[in-house]
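Structure assessment
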Amino acid sequence: MVFHLNINELDNLVLLINKSSNEKERRVLLNGAAKVYGYGGLGRIKSLTNIAYSTLKNGSDANDSKNNLEDGRIRKSGGGRKKTTDSNPDIKQHIAEIIDGYELGNPENDRDHRVGRAMSLRKIADTLESEYGIKINYVTVQNILDEMHISKQVNRKEEQAGKPSPNRNAQFEFIVKTQREYLAAGDPVISVDTKKKENIGNFKNNGQEYRPAKHARRTLDHDFPLPELGKVSPYGVYVLNDNTGFVNLGIDHDTSAFALESIRRWWDALGKQTFPDAERIYITCDGGGSNGSRVRAWKCELQEFANYSGLEIMVSHYPPGTSKWNKIEHRMFCYITKNWQGKPLIDIQTVIYLIGSTTTQTGLKIKCMLDTKKYPTGRKVSDSELERVNIFPCETFGKWNYIIKPN
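Parameters and conventions
Residue numbering note: each chain is counted from 1, following its sequence as written. For a predicted model such as this one, the threshold for reporting local features is a pLDDT of at least 70, and the threshold for listing and counting side-chain atom pairs is 80 or more; totals across whole chains, interfaces and linings nevertheless cover every residue. By convention in this description, side-chain values take in all heavy atoms of the structure and omit both hydrogens and water. A run of DSSP states H or I qualifies as a helix once it reaches four residues; a run of E qualifies as a strand once it reaches two. Both are numbered from the N-terminal end. Relative accessibility decides the category of a residue: with a 1.4 Å probe and only protein chains considered, values under 20% of the type maximum give buried, values over 50% give exposed, and everything between is partly exposed. Whether two residues are in contact is decided by their heavy atoms, any of which lying within 4.5 Å being enough. Only the protein chains shown count as cover for residues, and all accessible areas are computed by the Shrake-Rupley method using a 1.4 Å probe. Angles shown run from 0 to 180 degrees and are taken between the N-to-C directions of axes, each axis being a line fitted to C-alpha atoms and, for helices, limited to the stretch in contact. When describing relative orientation, an angle under 35 degrees is termed roughly parallel and one over 145 degrees roughly antiparallel, while 65 to 115 degrees is termed roughly perpendicular and anything else oblique. Each residue is assigned to one of three groups, with Ala, Val, Leu, Ile, Met, Phe, Trp, Tyr, Cys and Pro labelled nonpolar, Asp, Glu, Lys and Arg labelled charged, and all others, Gly among them, labelled polar. In this description, a nonpolar core means a group of buried Ala, Val, Leu, Ile, Met, Phe, Trp, Tyr and Cys residues linked to one another through side-chain atoms lying within 4.5 Å. As used in this structure description, the phrase polar contact means that two N or O atoms lie within 3.5 Å; if the pair is within protein, one of them must be able to donate a hydrogen and the other to accept it, and residues adjacent in sequence are counted only when both atoms belong to side chains. Salt bridges are defined by distance alone: a side-chain nitrogen of Lys or Arg within 4 Å of a carboxyl oxygen of Asp or Glu. Values of pLDDT, ranging from 0 to 100, describe the predictor's confidence in every residue of the model. Residues qualify for a patch when their relative accessible area is over 30% and they have no salt bridge, like charges being joined within 9 Å and the nonpolar side chains of Val, Leu, Ile, Met, Phe, Trp and Tyr within 5 Å. Whether two strands pair depends on DSSP finding at least two bridges between them. What a helix is expected to span follows from its residue count: subtract one and scale by 1.5 Å. Stacked, tilted and edge-to-face pairs are distinguished by plane angle, under 30 degrees for stacked and over 60 for edge-to-face with tilted covering the rest, among Phe, Tyr and Trp rings (Trp via its six-membered ring) whose centres lie within 6.5 Å. Look at NZ for Lys and CZ for Arg. If either is within 6 Å of the ring centre and within 35 degrees of the ring normal, a charge sits over the ring.

Turning next to the overall build of the protein chain. From N to C terminus, the protein chain includes 14 helices and 11 strands. Looking at the protein chain as a whole, 37% of its 407 residues qualify as buried. Long-range pairs, those at least 24 residues apart, make up 68% of the contacts in the protein chain with a sequence separation of at least 6. Surface exposure of the protein chain reaches about 25200 Å², of which carbon and sulfur atoms provide 49%.

At a closest axis distance of 11 Å, the pairing of helix α6 (residues 91-99) and helix α8 (residues 138-147) adopts a crossing angle of 95°. Between α6 and α8, the interaxial angle falls into the category roughly perpendicular. Residues Ile-91, Lys-92, Ile-95 and Ile-99 of α6 touch α8, and the partners they reach there are Ile-144, Leu-145 and Glu-147. Partitioned by chemical class, the residues of the contact of α6 with α8 number 5 nonpolar, no polar and 2 charged.

Within the largest apolar cluster, 31 residues are counted, with the highest numbers of intra-cluster contacts made by Ile-190, Ile-263, Trp-266, Ile-283, Trp-298 and Leu-302. Listed by contribution, the elements that provide at least two residues to this core are β3 (189-194), β5 (231-239), α10 (256-274), β7 (280-285), α11 (296-309), β8 (312-317) and β11 (401-404). Apart from residues lying up to four places away in sequence, Trp-298 is in contact with Tyr-235, Ser-256, Ala-259, Leu-260, Ile-263, Cys-285, Ser-290, Asn-291, Gly-292, Val-315, His-317 and Tyr-402. Counting 29 residues, the second-largest nonpolar core is a separate cluster that includes Phe-174, Tyr-238, Leu-249 and Val-351.

Within the element layout of this structure, Ser-309 appears in helix α11. Assessed through its relative accessible area of 18%, Ser-309 is described here as buried. At 3.3 Å, the side chain of Ser-309 and the backbone nitrogen of Leu-311 are in polar contact.

Bringing the pattern of salt bridges into the picture now. Inspection of the entire model under this criterion finds 14 salt bridges. For the salt bridge of Lys-92 with Glu-147, the shortest nitrogen-to-oxygen distance reads 3.3 Å. Taken together, the positions of Lys-92 in helix α6 and Glu-147 in helix α8 put the pair 55 residues apart, joining distant regions of the chain. The class of Glu-147 is partly exposed, set by a relative accessible area of 37%.

Looking now at the side chain of Thr-194. By the element assignment, Thr-194 lies in strand β3. Classification of Thr-194 by relative accessible area gives buried; the value is 17%. A distance of 3.2 Å separates the side chain of Thr-194 from the side chain of Asp-254, its partner in a polar contact. With near-sequence residues (within four places) excluded, Thr-194 lies in contact with Pro-234, Tyr-235, Asp-254, Ser-290 and Phe-333.

Averaged over all residues, the pLDDT of the protein chain is 84; the fraction at 70 or higher stands at 86%. Confidence drops under pLDDT 50 across residues 102-115; counting only partners more than four residues distant or on other chains, this segment forms 14 contacts.

Bringing a nonpolar patch on the surface into the picture now. Taken together, the side chains of Leu-5, Leu-13 and Leu-16 define a hydrophobic patch exposed on the protein surface, amounting to about 260 Å² of accessible area. You can see Leu-13 is positioned in helix α1 (residues 7-20). For Leu-13, a relative accessible area of 36% translates into the label partly exposed.

The next point concerns the pairing of β5. With 8 of 9 residues buried, β5 lies mostly within the body of the structure. With 5 bridges connecting them, β3 and β5 associate as antiparallel partners. Directly across from Val-192, in β5, lies its bridge partner Val-237. Where strand β4 (residues 198-199) lies against β5, 2 bridges are found, and the strand directions are antiparallel. Of the residues in β5, the one forming a bridge with Glu-198 is Val-232. Across 7 bridges, β5 lies against strand β6 (residues 244-250) in antiparallel orientation.

Mapped onto the secondary structure, Thr-337 falls in helix α12 (residues 327-339). Using a relative accessible area of 38% as the deciding quantity, one classes Thr-337 as partly exposed. In the structure, Thr-337 is positioned 142 residues away from Lys-195 in sequence and 9.9 Å away in space, judged by C-alpha atoms. Reaching out from Thr-337, the side chain makes a polar contact with the side chain of Lys-195 at a distance of 3.2 Å.

The next subject is α11. Counted at 1.5 Å a residue, the expected span for α11 with its 14 residues is 20 Å, and the 20 Å between its end C-alpha atoms agrees. Most of α11 sits out of view: 10 of its 14 residues are buried. Immediately beyond the C-terminal end of α11, within one or two residues, lies Gly-310, with a positive phi of roughly 80°.

Taken as a whole and judged by the stated rule, the model has 7 aromatic pairs. For the ring pair Trp-266 and Trp-267, a centre distance of 5.9 Å and an interplane angle of 55° mean the geometry is tilted. A single burial state applies to Trp-266 and to Trp-267, both of which are buried. Three or more aromatic residues joined by ring pairs make a cluster, and in this case those are Phe-172, Tyr-318 and Trp-325. The ring of Tyr-308 is capped by Arg-264, whose NZ or CZ atom sits 5.6 Å from the centre of that ring. A cation over a ring is seen here: Lys-405 above Phe-392, with NZ or CZ 4.9 Å from the ring centre.

Here it is in structure tokens:
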């Protein structure tokens, strides 16, 4: 059977072969199509496909070594363009030198002051060409970086400032063990802390939010606090028993009185309804700040709360420099930050709404209340006041673990 194709149909057939065939089939079939075209056929196919004459001619001989390959190969072994890393065996070392950066600071200091350069892939490719004479595509640079297991990474806050406490791990183990005991008994276990103060006003908030295209929210071009709007101090209570949270939104100073008022408000609003039969409570908190292990006012305020609630209060402080392991940090505060990212905290009601609307797939729910009380700083606790605190240090690290009973 003989088919007669006009020139347009033959052009379409050539384009189809070029698009769908592998390299071997392409050079054989296109060479055959050139014969169908007749005189000037190779030139027409080259203009349509941009395939080299040498490739088209290699498909002319059915016995050519390029067309008789075993094991399903489409090229002879070793054919094709060499990998960039094969042609330039030192390229990985060159890339490492480019991104390795420069020395910063005092070279006599024992610390590592080397700072890597945050270069784009295109910049690395340009530097390879200008400094080492290697012409390379930025996509290939990315592939080589993947082979080297190198990628851009965010800084991780894991290095502790100062010398770690020798009892750090033992205190962690004590906290975990005590939490399990209280949770198993059905007694409330709470993690408390103060989130960083936030300026109120139409200020830029880090992060992004969904908005109509080309209608980004417009905020003030500076971050100076506005005295008439002030700041807020969110003191949080996270309940390990049921994955719930409470935030007391203060507008004054972060003091021990504010910290215990926040815990008292949580107890009145949620705690005593959730744990009606509780006789004791376990509180974990940081080692510094308004609820620090050495703060006398904190212990005096705990005594007042114990008398008010009738609860036996056990407290454990995380060792210095380990506050990020406090449960409230990675189970509640981080989600509040995510929920309001990109949204200016224009007024207090906005803050209350954004905190209260924070949820997670694990079922976190948060209640937020405004606290307009004043909390003056500079309170001095005398020795006689401290002696009235009914405190019992634990045998294990008594400075960090203690029980306060109602008087």
